[in-house]
Amino acid sequence: MKKSIRRVFWLYFLLFAALVAYLAKFIVFDAGTVVNSPLNPRVSLEKEDVVRGDILDAQNRVIASGAADARTYPYGRLFAHAVGCADKNHLSGIEAKFNFELENPHLEVIQRIGRLLTGAPVKGNSLVLTLDADVQQAAYDALGGRKGAVVVLEPSTGKVLAMVSYPNFDPNTIAADWDKLRGDTDNSPLLNRASQGMYPPGSVFKIITALAALQSLPDVYGFEYDCKGSGDFGGRTISCFNGTAHGREDIKRAFAVSCNTFFAALGLRVGPRNLRSAAEAALFNSTLDFSLEHGDGSFPLDAGAGGNEIVETAIGQGRTMTTPLQMALVAAAVANGGIMMKPYVVDRELTAGGYETGNVMPEMLRQAMSAEQARALTEMMTGAVENGTGRNAAPDGVTMAGKTGSAQNPNGADHGWFVGFAPADKPAAVVCVLGENIGGSSKVLGMAKSVMEKALEAENRRLGSLQ
């Protein structure tokens, strides 16, 4: 009899423990997803008599306002993918991910009493973003109607200053355009290429290969290779751009001119384990903690990989895939002394009464590399802009660090990449530009320059306002 009672006791104890564990998981991990879901009945009820909060840019300019059934977007397509849209049937971007905050009235009881007395609407909290409309406009203009994406970050905090993707859509007419947008599989205008678009990194991945060499080769600066324009590596012929023979090089010179044969030889010397270690330290094969919809970089190279796959991976080809957001974070880690900060797009909430709440504090994501390795990569990236393939990317009078990339793909012309930060000695902004099927990196340097100019202007304005 006692054994039976003990068994029943332990059965109920385990059931109770499982219930507590489930509730803890729901409250800690799942609550944000549930409350922000448009299917949440509480949110659906609130929509009936609550005016949705506004969305403002970093300078408090209105980006979105009005109730869900009459939402207006003064900037039209400019913030389409980042801010998203909200109507009775469609939620995306910040509008979706922060749905609960926008529909949640501060001091709701007091607001409802005020409504009875004065007729004033009950209003949800507004959001102030990290996005700056001036920098966003510069990024939008830089793309100039070409497929691609631009991401601008503040490296010391992780603030996203701009996030543009093209093709895009007009959130003011999303209901009328929905079927056409969803059916446009050739252009995928609903896809946020900045955070969701997955691309081979091309030569911007040489930042990771150089990092792996710094981490694993004691004689990294003594390693040299005589580039003849092409070479056979592990049964794979690797060629430099236009077959250019760069001659005898070390890692600094090879990085500046983006020599494929040098980095193929370096990749074999470093080996797949060390390449994978450096890549995973830079967020590949990880799930990024970011509030908007995003893809996660993949690095499938493993310890048993053959020479063919190693050399392709070392120069950014093969099966490695990444997003513009991730490559911006890699450059930001270099700019920030090896520390990768968590990216974020919402800076704070504003109540209907104008009080600030929910202020976001910058958060370290990971130590991607040592400070010494970050300094070494900064020197290499500065050389790439001053004396290498990144010429024409730097604003006049500004020392910039960066890396170009031309990524081959089976569906058309090469993608063009540039990622960099400025000023090189005191980084204020990181810019990543991806031109889809644009024909190579030379086509995006001017884009990066114009965006960086506006980003630095915005940073100088912010610093001036603090004085």
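Before reading on, note that the structure itself is shown above.
The structure presented is a predicted model; accordingly, all values stated were derived computationally and were not measured.

Reading guide: rules and limits
- Residues numbered from 1 in each chain as written.
- Predicted model: local features only at pLDDT ≥ 70, side-chain atom pairs only at ≥ 80, totals over all residues.
- Heavy atoms only, no water.
- Helix = DSSP H or I, 4+ residues; strand = E, 2+ residues; numbered from the N terminus.
- Contact = heavy atoms within 4.5 Å.
- Areas by Shrake-Rupley, 256 points an atom, 1.4 Å probe, with all protein chains shown as cover.
- Lys, Arg positive; Asp, Glu negative; His and termini not counted.
- Charge placed at Lys NZ, Arg CZ, Asp CG, Glu CD.
- Pairing = 2+ DSSP bridges.
- Phe/Tyr/Trp six-rings, centres within 6.5 Å; stacked < 30°, edge-to-face > 60°.
- Buried < 20%, exposed > 50% of the residue type's maximum accessible area, 1.4 Å probe, protein only.
- 1 Å grid on protein atoms, 1.4 Å probe; cavity = no way out; pocket = protein on both sides within 12 Å on 5 of 7 lines; lining within 4 Å.
- Points joined across faces, edges and corners; volume = space filled by probe spheres on them.
- Nonpolar A, V, L, I, M, F, W, Y, C, P; charged D, E, K, R; others polar.
- Salt bridge = Lys/Arg side-chain N within 4 Å of Asp/Glu carboxyl O.
- Axes fitted to C-alpha atoms, helices over the stretch in contact; angles between N-to-C directions.
- Patch = residues over 30% accessible without salt bridge, like charges linked within 9 Å, V, L, I, M, F, W, Y side chains within 5 Å.

Quick look at the overall build of the chain
Right, so step 1: When helices and strands are tallied, the chain shows 16 helices and 18 strands.
Right, so step 2: Taken over the C-alpha atoms alone, the chain extends approximately 80 × 75 × 50 Å along its principal axes.
Right, so step 3: Counting contacts in the chain only where the partners sit at least 6 residues apart, residues at least 24 apart contribute 66% of the total.
Right, so step 4: Total accessible area computed for the chain in this model is approximately 20,600 Å², and 54% of it derives from carbon and sulfur atoms.
Right, so step 5: Computing the positive centroid from 44 side-chain charges and the negative centroid from 48, the chain places the two 5 Å apart.

Some details on the sheet that holds strand β14 (residues 356-357)
Right, so step 1: Across the sheet, which stays open at both edges, the 5 strands sit in the order β3-β2-β5-β13-β14 with mixed pairing between neighbours. Looking at strand neighbours, the two that pair on one side only are β3 (62-64) and β14, the edges of this open sheet.
Right, so step 2: Of the pairings in the sheet, the one linking strand β5 (residues 126-129) to strand β13 (residues 346-350) comprises 4 bridges and is antiparallel in character. Opposite valine 128, over in β13, you have arginine 348 as the bridge partner.

Re the packing of aromatic side chains
In this description, a pair of aromatic rings is defined by centroid distance and the angle of the planes.
Right, so step 1: Taken as a whole, this structure holds 9 aromatic pairs when the rule is applied.
Right, so step 2: The interplanar angle of 15° and the centroid separation of 5.8 Å between the aromatic rings of phenylalanine 205 and phenylalanine 299 together place this pair among those described as stacked. Note that phenylalanine 205 is positioned in the loop between α8 (174-183) and α9 (206-216) and phenylalanine 299 in the loop between α12 (272-281) and α13 (307-314), a separation of 94 residues in sequence. Of the two residues examined, phenylalanine 205 and phenylalanine 299, each falls in the buried class.
Right, so step 3: Ring geometry for tyrosine 225 against phenylalanine 233: centres 6.0 Å apart, planes inclined by 45°, an arrangement best described as tilted.
Right, so step 4: Each residue in the set Phe223, Phe255, Phe262 and Phe263 is aromatic and connected to the rest through ring pairs, giving one cluster.

Focus: empty space enclosed by the protein
Right, so step 1: Applying the stated criterion to the full structure yields 4 cavities of 30 Å³ or more.
Right, so step 2: Quantified by volume, the largest cavity comes out at close to 50 Å³.
Right, so step 3: Around the largest cavity, the lining residues are Ser195, Leu283, Ser286, Leu288, His294, Gly295, Asp296, Gly297, Thr323, Leu325 and Gln326.
Right, so step 4: Grouping the constituent residues of the lining of the largest cavity by class yields 3 nonpolar, 7 polar and 1 charged.

Re the pattern of salt bridges
Right, so step 1: In total, this model carries 26 salt bridges according to the counting rule given.
Right, so step 2: A salt bridge links aspartate 57 to arginine 61, with the shortest nitrogen-to-oxygen separation between them at 3.0 Å.
Right, so step 3: For arginine 61, a relative accessible area of 24% translates into the label partly exposed.
Right, so step 4: As a salt-bridge pair, lysine 342 and aspartate 289 come within 3.1 Å of each other at their nearest N and O atoms. Taken as a pair, lysine 342 in the loop between β12 (339-341) and β13 and aspartate 289 in the loop between α12 and α13 lie far apart in primary sequence, 53 residues in all.
Right, so step 5: Among the ionic contacts, a cluster of salt bridges with common partners joins Asp57, Arg61, Asp132, Asp134 and Arg461.

Re the sheet that holds strand β18 (residues 429-435)
Right, so step 1: Strand order in the open sheet made by the 5 strands is β7-β6-β18-β17-β16, with antiparallel pairing throughout. With one partner strand each, in any of the chains shown, β7 (160-166) and β16 (401-407) form the two edges of the open sheet. In this sheet, neighbouring strand axes are inclined to one another by 5° on average, regardless of whether the strands run parallel or antiparallel.
Right, so step 2: Bridge analysis of strand β6 (residues 148-153) against β18 gives 6 bridges, and the strand direction is antiparallel.

Observations concerning the layout of surface pockets
Right, so step 1: Approximately 640 Å³ is the volume attributed to the second largest pocket.
Right, so step 2: The wall of the second largest pocket is formed by 27 residues, among which Ser203, Cys240, Phe241, Asn260 and Ser406 lie closest to the centre.
Right, so step 3: Secondary-structure elements contributing two or more residues to the lining of the second largest pocket are β10 (236-239) and β16.
Right, so step 4: Top contributing element to the lining of the second largest pocket by residue count: β10, with 4 residues.
Right, so step 5: When the residues that make up the lining of the second largest pocket are grouped by side-chain class, the tally is 6 nonpolar, 17 polar and 4 charged.

Concerning the environment of alanine 333
Right, so step 1: Tracing the chain through its elements places alanine 333 in helix α14 (residues 324-335).
Right, so step 2: Look at alanine 333 and you get buried, because its relative accessible area is 0%.
Right, so step 3: Taking the C-alpha atoms as reference points, alanine 333 and serine 298, 35 residues apart in sequence, are found 18 Å from one another.
Right, so step 4: Beyond its immediate sequence surroundings of up to four residues, alanine 333 is in contact with Gly338, Ile339, Met340, Ala368 and Met369.

A word on the pairing of β5
Right, so step 1: Judged by which residues are buried, β5 turns out to be covered on both faces: Ser126 and Val128 on one side and Leu127 and Leu129 on the other are all buried.
Right, so step 2: Where strand β2 (residues 55-56) and β5 come together, 2 bridges link them in parallel fashion. Bridge pairing in β5 places isoleucine 55 opposite leucine 127.

What about a nonpolar patch on the surface?
Right, so step 1: A cluster of nonpolar side chains, namely Phe9, Trp10, Phe13 and Leu14, defines an oily patch on the protein surface of about 460 Å² accessible area.
Right, so step 2: Within the secondary structure, leucine 14 is located in helix α1 (residues 2-35).

What to know about unusual backbone geometry
Glycine aside, residues mostly have negative phi angles, and peptide bonds mostly take the trans form.
Right, so step 1: Residue proline 167 follows tyrosine 166 across a cis peptide bond; omega there is 5°.
Right, so step 2: Along the chain, the position of proline 167 falls in the loop between β7 and α8.
Right, so step 3: In this model, alanine 422 is joined to proline 423 through a cis peptide bond whose omega is -15°.
Right, so step 4: As for its placement among the helices and strands, proline 423 is situated in the loop between β17 (415-422) and β18.
Right, so step 5: Phi at leucine 283 takes a positive value of approximately 90°, unusual for a residue other than glycine.
Right, so step 6: In this fold, leucine 283 is placed in the loop between α12 and α13.
Right, so step 7: The backbone phi angle of asparagine 437 is positive, close to 50°, even though this residue is not glycine.
Right, so step 8: Structurally, asparagine 437 is set in the loop between β18 and α16 (445-466).

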